[in-house]
Amino acid sequence: MKIAVIGGGGREHAIIKKLKENPKAEKIYAIPGNGGMTEAECVPIKATELEKIVEFCRNNAVDFVVIAPDDPLIMGLKDMLNEAGIKSFGPSKAAAAIEGSKAFAKDLMKKYGIPTAKYEVFTEENEALAFIEGLTPPVVVKADGPALGKGVIIAETIEDAREAVHSMMAESRFGDSGKRVVIEEFLTGPEVSVLAFTDSKTLIPMVSSMDHKRASDGDRGLNTGGMGVVAPNPYYTPEVAERAALEIFLPTMAAMNKEARAFKGCLYFGLMITAEGPKVIEYNCRFGDPETQAVLPLLKSDLLEIMLAVEDERLSSVPVEFEDKCSCALVLASKGYPEKYETGYEITENGVEGEIFYAGVKRVDGRLKNSGGRVLAVTEVAPTLKKAVAAAYADAARIDFKNKYFRSDIGKRALDAIEKQTTF
Ligand code: AMP
Ligand code: GLY
């Protein structure tokens, strides 16, 4: 079978490695991939060059396409591949709106009674500003459309909230994505990421995880694409999981069906465990990055068979099982990320025991060099979270490149939570 995986980051590398475990995956193209993906043939087409992707897949008799990033999904690559008669994993454009438009997602939750923060949607700056005056800070201001994960501003004062609205609506800080804004209530509680396979009839949650989005230790500094993940998430107790399934996961699948936007693919639930129970912070129409680098190494079942079953709407007929173990995916970044950083430094490794998933890397004259902010993630799986975290940090010391940067407290909050529970 010939498979194409769209995207070029650590998430895609984790997907490719897992697909490769099935001998049926004889050839994998990564579009565009990166220099660290030795398991695949990289094709220099951008993930957003949809027509070129379809043409490449047609010309090379690709049997199955896995669309990993949000942009091509939101732009409708699935629909174009369908028209060309090429099978793929990932939702249609209509279903990807669950991530593509925050206003759509919030209205869906309101209509179907799915727990989320209270909110209003605005297309007029004056109205948004007037609404803010009546609120008690902090106030959460979100650009409606995709903004590279940066379109959410938590304003600590009314003045900051006003400025956030003005910068999005009048000054186009996030381009067209901020022409419409969502203003919502600030929620508190631990966050949990849950990825789920769904074929629109069955929904199977994967093992839960905890991302660490801020750049610096102690959850300080700027928001990033994610600096490390541990799985499972100790705050996601069996009771919370049951409520999430009944109040959020299944109602979301049913709501999308009712709206004639049946969702097939990986649906990502960003949840906050509030005092009132789990609530949705965000939906994504795809695997999370770097959650995937922690979650897929725990998958015991065959990823290719699962993905094919999702597309053929027979997910209930295949096994989806995870190891009863823990994992830690530690991101090694270029110092300065997410702002300015230097690239072009050679990456070397010596004695790494875990799995490396490459992201911002390039192969130059046979040598691997950093070319992006998040360079790679190293993942360790172990019987306890404590061991997985310690092993990932030991591996981080065995990988070297100039200006290597990583947080030193990935997993700390989760380990503290486990400690508290067991000493009750
Ligand atoms: P999002 O891009 O929607 O995931 O938002 C980015 C981050 O902002 C989330 O991971 C939360 O930490 C935070 N956030 C978003 N919405 C809220 C909210 N209503 N209350 C508190 N924090 C929020
Ligand atoms: N790690 C967050 C995301 O993939 O959106």
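Residues numbered from 1 in each chain as written. Chains lettered and ligands numbered in written order. Predicted model: local features only at pLDDT ≥ 70, side-chain atom pairs only at ≥ 80, totals over all residues. Heavy atoms only, no water.

Focus: the site of ligand 2
Inference 1: By nearness alone, every residue bordering ligand 2 is listed as D211, G225, Y268, N284, R286, G288, D289, P290 and E291.
Inference 2: One of the side-chain N or O atoms of E291 is found 2.8 Å from a nitrogen atom in ligand 2.
Inference 3: Against a free-state accessible area of 200 Å², the protein chains account for coverage of 88% of ligand 2.
Inference 4: Split into classes, the residues belonging to the shell around ligand 2 amount to two nonpolar, three polar and four charged. (Near = heavy atom within 4 Å. Polar contact = N/O pair within 3.5 Å; in protein donor to acceptor, adjacent residues only side chain to side chain. Areas by Shrake-Rupley, 256 points an atom, 1.4 Å probe, with all protein chains shown as cover. Nonpolar A, V, L, I, M, F, W, Y, C, P; charged D, E, K, R; others polar.)

Here's the deal with the packing of helix α5 (residues 93–100) against helix α6 (residues 102–111)
For any two helices packed against each other, the geometry is given by the interaxial angle and the distance between the axes.
Inference 1: Two numbers describe how α5 lies on α6: the axes approach to 6 Å, and their chain directions differ by 95 degrees. Relative to α6, α5 is oriented roughly perpendicular. For the pair formed by α5 and α6, the contact residues are A97, I98 and G100 on the first element and K102, F104, A105 and L108 on the second.
Inference 2: Tallied by class, residues from the contact of α5 with α6 come to five nonpolar, one polar and one charged. (Axes fitted to C-alpha atoms, helices over the stretch in contact; angles between N-to-C directions. Helix = DSSP H or I, 4+ residues; strand = E, 2+ residues; numbered from the N terminus. Parallel < 35°, antiparallel > 145°, perpendicular 65-115°, else oblique. Contact = heavy atoms within 4.5 Å.)

Some remarks on the site of ligand 1
Inference 1: Taken together, 15 residues surround ligand 1, and among them E184, E185, L187, E191 and E282 come closest.
Inference 2: Contacts to ligand 1 include K142, whose side-chain N or O atom sits 3.1 Å from a nitrogen atom.
Inference 3: One of the side-chain N or O atoms of E191 is found 2.4 Å from an oxygen atom in ligand 1.
Inference 4: Protein chains bury 89% of the 480 Å² of accessible surface belonging to ligand 1 in isolation.
Inference 5: Counting only elements with at least two residues in the shell around ligand 1, the list comes to β7 (139–143), β8 (152–155), β9 (181–185) and β17 (277–284).

Topic: the side chain of S88
Inference 1: Tracing the chain through its elements places S88 in strand β5 (residues 87–89).
Inference 2: The buried category is assigned to S88, whose relative accessible area is 0%.
Inference 3: If we ignore the near neighbours within four places in the chain, the residues touching S88 are F64, V65, I67, K78, L81 and E311. (Buried < 20%, exposed > 50% of the residue type's maximum accessible area, 1.4 Å probe, protein only.)

Quick notes on the sheet that holds β5
Inference 1: Taken in spatial order, the five strands of this open sheet run β3-β2-β1-β4-β5, and their pairing is parallel. In the strand order of this sheet, the two ends are held by β3 (41–42) and β5, each with one partner.
Inference 2: Here strand β2 (residues 27–32) runs beside β3; their pairing, made up of two bridges, is parallel. What sits directly across from Y29, in β3, is E41.
Inference 3: Where helix α11 (residues 303–311) meets the sheet, its contacts fall on β1 (2–7), β4 (64–67) and β5, and the angle it forms with β4 comes to roughly 95 degrees. (Pairing = 2+ DSSP bridges.)

Observations regarding the sheet that holds β7
Inference 1: The sheet built from four strands is open, its strands ordered β6-β9-β7-β8 with antiparallel pairing. Where the open sheet ends on each side, the last strands, each with one partner, are β6 (119–122) and β8. In this sheet, neighbouring strand axes are inclined to one another by 20 degrees on average, regardless of whether the strands run parallel or antiparallel.
Inference 2: Bridge count between β7 and β8: four bridges; the pairing is antiparallel. Opposite K142, over in β8, you have V152 as the bridge partner.
Inference 3: Strands β6, β7, β8 and β9 of the sheet are contacted by α6, whose axis makes an angle of about 140 degrees with β6.

Considerations on the side chain of N233
Inference 1: Checked against the element boundaries, N233 lands in the loop between β15 (228–231) and α9 (238–258).
Inference 2: Given the relative accessible area of 2%, N233 is considered buried.
Inference 3: A polar side-chain atom of N233 sits 3.1 Å from the main-chain carbonyl oxygen of E191.
Inference 4: Engagement of the side chain of N233 in a polar contact is seen with the backbone oxygen of S209, the distance being 3.1 Å.
Inference 5: Leave out the neighbours within four places in its chain, and N233 touches E191, V192, S208, S209 and M210.

Points about the packing of helix α1 (residues 10–19) against α11
Inference 1: In contact at an axis separation of 8 Å, α1 and α11 are set at 105 degrees when each is read in the N-to-C sense. Comparing the axis directions of α1 and α11 gives the class roughly perpendicular. On α11, the residues that touch I15, K18 and L19 of α1 are L303, L304 and M307.

Remarks on a negative patch on the surface
Inference 1: A cluster of acidic residues, E156, D160, E163 and E171, forms a negative patch at the surface.
Inference 2: Its location among the elements puts E163 in helix α8 (residues 158–169).
Inference 3: The class for E163 is exposed, based on a relative accessible area of 53%. (Patch = residues over 30% accessible without salt bridge, like charges linked within 9 Å, V, L, I, M, F, W, Y side chains within 5 Å. Salt bridge = Lys/Arg side-chain N within 4 Å of Asp/Glu carboxyl O. Lys, Arg positive; Asp, Glu negative; His and termini not counted. Charge placed at Lys NZ, Arg CZ, Asp CG, Glu CD.)

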